[in-house]
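Here is how the chains run, residue by residue.
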Amino acid sequence: MFRGFELSVKEDFLSIYKAIGESQHEENKRLVDECLDRFRDGSGDLLAAKMTAEWFPEIDAQVFISHAHKDSALALGLAGHLHKEFGLKSFVDSAVWGYSDDLLRILDDAFCYNETSGTYSYAKRNRSTSHVHMMLSVALSRMIDRCECIIFINTPQSITSRDYIKGDKTDSPWIYSEIAMTRLIKKRSREDHRGIGSVLATESLGTDTRLRVRYDVDLDHLSKLDGETYGKWTILSNGRAGATALDTLYDLVPPSPIE
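Residues numbered from 1 in each chain as written. Predicted model: local features only at pLDDT ≥ 70, side-chain atom pairs only at ≥ 80, totals over all residues. Heavy atoms only, no water.

K.L.:
What should I look at first to understand the pairing of strand β1 (residues 3-8) in this one?
P.N.:
Moving residue by residue along a regular strand, the side chains alternate between the two faces of the sheet. Counting buried positions over the 6 residues of β1 gives 5, a clear majority of the element. Across 5 bridges, the pairing between β1 and strand β5 (residues 149-153) is parallel. The residue bridging Gly-4 from the neighbouring strand is Ile-150, located in β5. The pairing of β1 with strand β9 (residues 223-226) spans 4 bridges and is classified as parallel. Within β9, the residue paired with Ser-8 across the bridge is Asp-226. (Buried < 20%, exposed > 50% of the residue type's maximum accessible area, 1.4 Å probe, protein only. Helix = DSSP H or I, 4+ residues; strand = E, 2+ residues; numbered from the N terminus. Pairing = 2+ DSSP bridges.)

Right, here's the structure in full:
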């Protein structure tokens, strides 16, 4: 990670580019593979590294887009615009990564279900959930580290509506984790990142509405980016693509004082 931005825009921002974003990710979609045998070692234990590579693979990326589950259309529009205007290849986790809920269902059916009682073991489900969420968390952290630019889309879907103006709380544990990692991961120069060439858009997974936990989030280290400034970036780039387009953004928006 070199720079991070907090993008605050309306829900229909760049909506005309959504189809481009969708078509770009269509080629990356994959079917959920329900066979666990190839993830086992000689003793029958599951191998986390192989499962992570299959369900949460790392990709080459320049931009990591963090967004709430309900802001998927906005993220696709942003990804589509970045592809059309700057030639940046985009990626949406829901299109390529296996859903964590799907992997959980497969593991729960294989290891947590009691055929006699027709129920799932509470203790075993806690364990399977912790394993899957840990793999996803590690994968997200690795991608944040690999990406040169981080863009967090800040809407009422990501930061709770009551605190949206203050922007200091979220109901999503994944957004909380991603923002926290942008503070903890060691910053690297843009030169270290160059040669990595695509855009990652990762959506924050929906959470069970029966359990509401609100996480404090600190966005002070992210540079502020609104729709007007984003438009200026497009104009000033004037046909520049890839890394040179990102350089224009870095020059246009000064770093946060504590970035």
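K.L.:
Sorry, what's going on with the pattern of salt bridges here?
P.N.:
One pass over the structure, following the stated rule, counts 7 salt bridges. In this structure, Glu-22 and Lys-18 form a salt bridge, with 3.7 Å as the shortest nitrogen-oxygen distance. One end of the pair is Glu-22 and the other is Lys-18, both in helix α1 (residues 18-26) and 4 residues apart, which spans about a single turn. Arg-194 is the salt-bridge partner of Asp-247, the closest N and O atoms lying 2.7 Å from each other. Taken together, the residues span a long stretch of sequence, with Asp-247 in helix α10 (residues 243-252) and Arg-194 in the loop between α8 (190-193) and β7 (199-204) at a distance of 53 residues. Accessibility expressed as a relative area gives 18% for Asp-247, which makes it buried. (Salt bridge = Lys/Arg side-chain N within 4 Å of Asp/Glu carboxyl O.)

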